[in-house]
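Architecture at a glance
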Amino acid sequence: METTTPPSAPPGTRRGPADIDWGKVGALVSGQAVVQGGSYALLIAMNWTAVKIGGTDAVSMLMLASTIPRALMLIFGGAVSDLLGPRFVLLRTTAARAVVLIAGALITASSKELWPLIVVGLTEGILLGLAAPASGVLMPALAKRQQLTRVNSLYAMVLRVAPILGAPIGAWLISVGHISQALLAAAATGVVWLACLIYITRGFQRPAREPGVSLFKRSADGFRLLIDHKRLRWMFVASFCLDLAFGWPADVALPSLVHQRGWGVSAVGVVLAAFSAGALGSSALGALLGNRISLFVRLVVTGSGLAVGILVMALMPSVLSLSVTACLVGLLSGLNGPAIVTVYQESAPESRMGAAMSTLSLSGIGVGPISIAIFSSLAIVLGVQHTWLICGTVALFSPFAAALALRQPVPAEAARSDEPSTEAAAVVPAAGHDLPLVAATVPAIVRTDVPDPLPASV
C-alpha cells in the first residue's frame, strides 16, 4: 500500500547510500529497451495498415488521433504525477495500455476498417500523455546528482537502439502476419515494462496532498515555472529552437532533397542510419565519461556545432558527404540532448518535477507540426535548400539561449541538500513509452526522449 510523506520529501523518491541503484537502473533501461522496441514495431505496422486501408489521408488521421490527445494530456500529466506520485500513475497507465492493445488485437483480427486503429491511437495517446511526465521522475530516484549524467546517457543509448531493432520487426510482422499480431506483440512488451515498473517503483512514496490545491490549478505549474525561473526558461528556449529547426529537415526536406538530386530512396535510410550511429556513439561516450565533459561543451559548443551541421547538410553534393555530416551531427546531438534535459531538470523544484517534464515534452510534440507547417510554406517560395539553410540559422539561437541559461543561478527550491554537485539533476526525458505516431525512422535531435515510447529530439 502506498503511504504519504511530509511536503518536504521529494515526491516518489527513495535513495539508498549508493550513488546509483544499478539493479533498478538496469531494470529501467532494459524495460524501456523492450517496450520502445515494441512501440516502434507497432508504429510501422499501424502506419502500413492505414496506408493499405485509406492511403495517406488514413495515416494523417491516425497520426492526429494519437498526437493531439497526447499533447493535451501532457498538460495534466505533470500535475497528476506531482499530486499522486509516479508509481500510482505509471502502474495504472501501463496496465491500461496493455489492455487497450489486446482489445485492439481482438477487434482487428476480424475487421479491416480504420476505426479500430483510430480508437487504439486515441486511447494510447491519452495514456502516454498522462504517463510521460511521471516517467521523467524515475531516474533521479535511482541515482544521485553527480551520477545522473552517466545514467541519462546510458538511457539515451536505448532510445537509439530501439528504432533500429523495432522498425524492421514491425515491417516483418506486417509482411508475414496481420496488424493484430503486431498489437499483441506490443502488448506483451508493455507487460514486460509493467513488471519492471513494479520492481523499480517499489518503496516509492505517494506525496502528501496539499489542502486547497486542485488538479486544474496544478495543470498550469509547468508554464508558471517558465515565467518564474530564467534559467529554466532559457533552457526551454534552447530546446524549442533545436526542435523547431530540425523537425522539417528530418521529416520533409531530406526525402525531398534526395529525390531532387536523384539519389534514390535508399539514400534517406543511409543518412538516417549515419545520424543514429553517431548519436549512439556519443551517448556511449557520455555514459562512460559522465560529468568529465563540462556543461558548456555539452550545451553551447555542441549546440553551435549542431546549427552549423544543419546548415552544411543542405549543401552536401553527394550521399557520402551528406552521410558523414549527418554522422557528425548525430555525435553532437548525443551529448547535447542529455545535457539540455539535465540543466532543465536542475532548474525545476522537485515538488514540480512532473509539471516541468510535461512542458518540455509538450515542446517536442507540439513543435514538430509547427516546424513542418512553417518551413513547408517557405519551401514553396524559396525552395528546399534555401529553407533548410533558414532552419540552420534558427538552430543558432539554441546555443545562445543555453549560454544565457548557464549564467543564471539554480533556483533555491530546486537545489538538493544531499547532492552538492554543481551538475544538474537530470532525469530521463519524459519517456516511458511516449513515441509519436509518425515516421519511426526519423531521429530526434534534442532530447533522449522523448518514451520520446514513440524524441522529438534526441
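Residues numbered from 1 in each chain as written. Predicted model: local features only at pLDDT ≥ 70, side-chain atom pairs only at ≥ 80, totals over all residues. Heavy atoms only, no water.

Some details on the overall build of the chain
When helices and strands are counted, the chain shows 15 helices and 2 strands. Out of the 458 residues belonging to the chain, those deemed buried represent 58%. Carbon and sulfur atoms form 71% of the exposed surface of the chain, whose accessible area is close to 17,200 Å². (Helix = DSSP H or I, 4+ residues; strand = E, 2+ residues; numbered from the N terminus. Buried < 20%, exposed > 50% of the residue type's maximum accessible area, 1.4 Å probe, protein only. Areas by Shrake-Rupley, 256 points an atom, 1.4 Å probe, with all protein chains shown as cover.)

Concerning the nonpolar core
Membership of the largest hydrophobic core comes to 55 residues, with the highest contact counts inside it found for M235, W248, L254, L299, M313, Y344 and W388. Broken down by secondary-structure element, the contributors of at least two residues to this core are helix 8 (221-228), helix 9 (230-260), helix 10 (266-289), helix 11 (295-313), helix 12 (319-346), helix 13 (353-382), helix 14 (384-395) and helix 15 (397-406). If one sorts the elements of this core by residue count, helix 9 sits on top with 14 residues. Those residues in contact with L254, other than ones at most four positions away along the chain, are P249, V268, V271, L272, L322 and W388. Counting 29 residues, the second largest nonpolar core, distinct from the first, contains A27, L90, L91 and C196. (Core = buried A, V, L, I, M, F, W, Y, C linked by side-chain atoms within 4.5 Å. Contact = heavy atoms within 4.5 Å.)

Some details on the environment of A373
Positionally, A373 belongs in helix 13. Note: C-alpha distance between A373 and W248 (125 residues apart in sequence) is 8.3 Å.

Some words on helix 11
Between its first and last C-alpha atoms helix 11 spans 26 Å; for 19 residues at 1.5 Å apiece the expected length is 27 Å, and the two agree. When the local axis directions of helix 11 are compared, the greatest deviation, roughly 30°, occurs at T302. Looking at helix 11, one finds that the buried residues are L295, R298, L299, V300, T302, G303, L306, A307, G309, I310 and M313. (Expected span 1.5 Å × (residues − 1). Bend = angle between axes of the 7 residues up to and from the residue.)

Topic: the confidence of the model for the chain
Across the chain, the average pLDDT comes to 76, with 81% of residues at or above 70. Within the model, the stretch residues 1-17 combines pLDDT values under 50 with 38 contacts to residues more than four positions away or in other chains. When the criterion is pLDDT under 50, residues 416-458 qualifies, and its contacts beyond four places in sequence or with other chains add up to 206 contacts. (pLDDT = per-residue confidence, 0-100.)

Some points on the packing of helix 11 against helix 14
The contact between helix 11 and helix 14 brings their axes to 8 Å, and the two run at 175°. One way to sum up the angle between helix 11 and helix 14 is to call them roughly antiparallel. Every residue of helix 14 that contacts helix 11 at A307, I310, L311 and M313 is listed here: W388, L389, C391, G392, T393 and A395. Residues belonging to the contact of helix 11 with helix 14 are distributed by class as follows: 8 nonpolar, 2 polar and no charged. (Axes fitted to C-alpha atoms, helices over the stretch in contact; angles between N-to-C directions. Parallel < 35°, antiparallel > 145°, perpendicular 65-115°, else oblique. Nonpolar A, V, L, I, M, F, W, Y, C, P; charged D, E, K, R; others polar.)

Side note on a nonpolar patch on the surface
A cluster of nonpolar side chains, contributed by I370, I374, L378, I380, V381 and L382, occupies part of the molecular surface with about 560 Å² of accessible area. Considering the arrangement of structural elements, one finds I380 in helix 13. According to the relative accessible area criterion, I380 is exposed, its value standing at 73%. (Patch = residues over 30% accessible without salt bridge, like charges linked within 9 Å, V, L, I, M, F, W, Y side chains within 5 Å. Salt bridge = Lys/Arg side-chain N within 4 Å of Asp/Glu carboxyl O.)

As for the environment of L406
In this fold, L406 is placed in helix 15. Owing to a relative accessible area of 26%, L406 belongs among the partly exposed residues under this scheme. Through-space distance from the C-alpha of L406 to that of F296 is 7.9 Å; in sequence the pair is 110 residues apart. Discounting residues that sit within four places of it in the chain, L406 has contacts with R231, L295, F296, L299, V300 and V343.

Describing the side chain of S81
Within the secondary structure layout, S81 lies in helix 1 (residues 22-84). Looking at S81, the relative accessible area reads 2%, which means it is buried. Each residue touching S81, except ones within four places of it in the same chain, is listed here: P86, V89, P133, A134, V137 and G354.

Focus: the packing of aromatic side chains
The way to describe two aromatic rings as a pair is by their centre distance and the angle between their planes. Considering all chains together, one arrives at 3 aromatic pairs under this definition. Plain terms: the ring middles of F236 and F240 are 6.4 Å apart, the flat faces sit at 25° to each other, and that makes the pair stacked. Linking F236 with F240, this pair stays in helix 9, spanning 4 residues, or about one helical turn. Between the NZ or CZ atom of K24 and the centre of the ring of Y199, over which it lies, the distance is 5.9 Å. Against the face of F88 rests R92, its NZ or CZ located 3.8 Å from the ring centre. (Phe/Tyr/Trp six-rings, centres within 6.5 Å; stacked < 30°, edge-to-face > 60°. Lys NZ or Arg CZ within 6 Å of the ring centre and 35° of its normal.)

What to know about the pattern of salt bridges
Counted according to the given criterion, the structure contains 1 salt bridge. Put simply, E124 and R97 hold a salt bridge, and the shortest N to O gap is 2.8 Å. In this pair, E124 is assigned in helix 3 (residues 115-135) and R97 in helix 2 (residues 86-108), connecting sequence segments 27 residues apart. Given a relative accessible area of 3%, R97 falls into the buried group.

Some words on the environment of T93
By the element assignment, T93 lies in helix 2. When its relative accessible area of 7% is taken as the criterion, T93 is described as buried. When the C-alpha atoms of T93 and L194 are compared, they prove to be 9.4 Å apart, with 101 residues separating the residues in sequence. In contact with T93, not counting residues within four places along its chain, are L127, L130 and A131.

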